[in-house]
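Listed below are the residues making up each chain.
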Amino acid sequence: MLFNAMDKWWGNQGKRERPHEGLDLCLYRDREDRILRLDEKTKIPALYDGVVVRVVDDFIGKSVIVEHRLPGSDNSRFCTIYGHTNLPRGLHVDRIVKAGDILATLARPNKSQSNIPPHLHISLGWIFNEISYENLDWDTMDTLKPLKWVDPLQVISRHFL
Ligand SMILES: [Zn+2]
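Heads up: these notes are all about the structure in this document. Being a predicted model, the structure only gives us computed values, none of them experimental.

The rules we used
- Residues numbered from 1 in each chain as written.
- Predicted model: local features only at pLDDT ≥ 70, side-chain atom pairs only at ≥ 80, totals over all residues.
- Heavy atoms only, no water.
- Phe/Tyr/Trp six-rings, centres within 6.5 Å; stacked < 30°, edge-to-face > 60°.
- Helix = DSSP H or I, 4+ residues; strand = E, 2+ residues; numbered from the N terminus.
- Buried < 20%, exposed > 50% of the residue type's maximum accessible area, 1.4 Å probe, protein only.
- Pairing = 2+ DSSP bridges.
- 1 Å grid on protein atoms, 1.4 Å probe; cavity = no way out; pocket = protein on both sides within 12 Å on 5 of 7 lines; lining within 4 Å.
- Points joined across faces, edges and corners; volume = space filled by probe spheres on them.
- Nonpolar A, V, L, I, M, F, W, Y, C, P; charged D, E, K, R; others polar.
- Core = buried A, V, L, I, M, F, W, Y, C linked by side-chain atoms within 4.5 Å.
- Contact = heavy atoms within 4.5 Å.
- Donors = N, O, S within 2.8 Å, 3.2 Å for Na, K, Ca; no water.

### A word on the packing of aromatic side chains
- In this structure the tally under the stated criterion is five aromatic pairs.
- Seen from their ring centres, Trp10 and Phe59 are 6.1 Å apart, and the 35° between their planes marks the pair as tilted. Placement of Trp10 in the segment before β1 (23–25) and of Phe59 in the loop between β5 (50–57) and β6 (62–68) is noted, with a sequence separation of 49 residues between them.
- Classification of Phe59 as partly exposed rests on a relative accessible area of 46%.
- With a centroid separation of 6.4 Å and an interplanar angle of 70°, the aromatic rings of Tyr48 and Phe78 are classed as edge-to-face. In this pair, Tyr48 sits in the loop between β4 (43–45) and β5 while Phe78 sits in strand β7 (residues 77–86), placing the two residues 30 residues apart along the sequence.
- In this structure Phe78 comes out as buried when scored by relative accessible area, which is 3%.
- Ring pairing ties together the aromatic residues Trp9, Trp10 and Phe59, which thus form one cluster.

### Considering the pairing of β6
- For β6, the buried fraction is high: six of the seven residues fall into the buried class.
- With six bridges connecting them, β5 and β6 associate as antiparallel partners. Each bridged residue has a counterpart across the sheet, and for Val56 the counterpart in β6 is Ser63.
- Between the end of β5 and the start of β6, which pair antiparallel, lie four residues.
- In this structure, β6 lies alongside β7, joined through six bridges in antiparallel fashion. Within the sheet, the bridge partner assigned to His68 lies in β7 and is Phe78.

### Some remarks on the layout of surface pockets
- Within this model, the second largest pocket holds a volume of roughly 490 Å³.
- Taken together, 21 residues line the second largest pocket, and the ones lying closest to its centre are Arg16, Arg18, Glu21, Phe59 and Asp142.
- Among the secondary structure elements, those contributing two or more residues to the lining of the second largest pocket are β7 and α1 (138–143).
- With three residues, the top contributor of residues to the lining of the second largest pocket is α1.
- Counted by class, the lining of the second largest pocket contains four nonpolar, six polar and eleven charged residues.

### A short note on unusual backbone geometry
- In this model, Asp33 sits at a positive phi of 75°, which is unusual for a non-glycine residue.
- We classify Asp33 as exposed; its relative accessible area is 53%.
- In this model, His84 sits at a positive phi of 70°, which is unusual for a non-glycine residue.
- Along the chain, His84 falls in strand β7.
- Judged by its relative accessible area of 5%, His84 is buried.

### Some words on the nonpolar core
- Core analysis: the largest hydrophobic core is formed by 19 residues, its most contacted members being Val66, Tyr82, Leu103 and Leu120.
- Mapped by element, the contributors of at least two residues to this core are β6, β7, β9 (102–106) and β10 (120–127).
- Sequence-distant contacts of Tyr82, that is, excluding residues within four places in its chain, are made with Ile44, Pro45, Ala46, Leu47, Lys62, Ser63, Val64, Val66, Leu103, Leu120 and His121.
- Ile65, Cys79, Ile81 and Tyr133 belong to the second largest nonpolar core, which has twelve residues in total.

### Structural notes on the coordination of the zinc ion
- For the zinc ion, every protein donor is listed as His20 (NE2), Asp24 (OD) and His121 (ND1), and the spread of their distances is 2.1 Å.
- Site description for the zinc ion: donor spacing in sequence, H-x3-D-x96-H. The pair His20 / Asp24 is uniform in exposure class, with both members buried.

Below you can see the structure in the form of structure tokens.
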């Protein structure tokens, strides 16, 4: 599902309450040109160097929020969020990560979510309202809008897709 999409791509394919805050990745093409599904063995790397600032529940698994200080960005805080994941024991808030470090694996939707295929949700955004990370979760991100979302496809290199 693409950034800002209003339609659900699984199940009854109804409408979303809000535009999609990121990008959903479900299928990929391997080097032999096969189309494969992401599954619980899928390892999820950090897109950039940063610090884990928050781990919150989402409707399938956990969402990991990583803060990045990008060169030339005036100390603005840029965050990447990796949703629907399972975290390894060692991953916690304040953990410093390098681009490419494995943050998590993909979470499996529970039995009542059998119409939802495993997928990775990626959100990218600038923190532009003051909010402490302890108060950041999907509810506050939807209501207080502390992040100005960016379309991941405009940022992530095709190499990753
Ligand atoms: Zn999503």
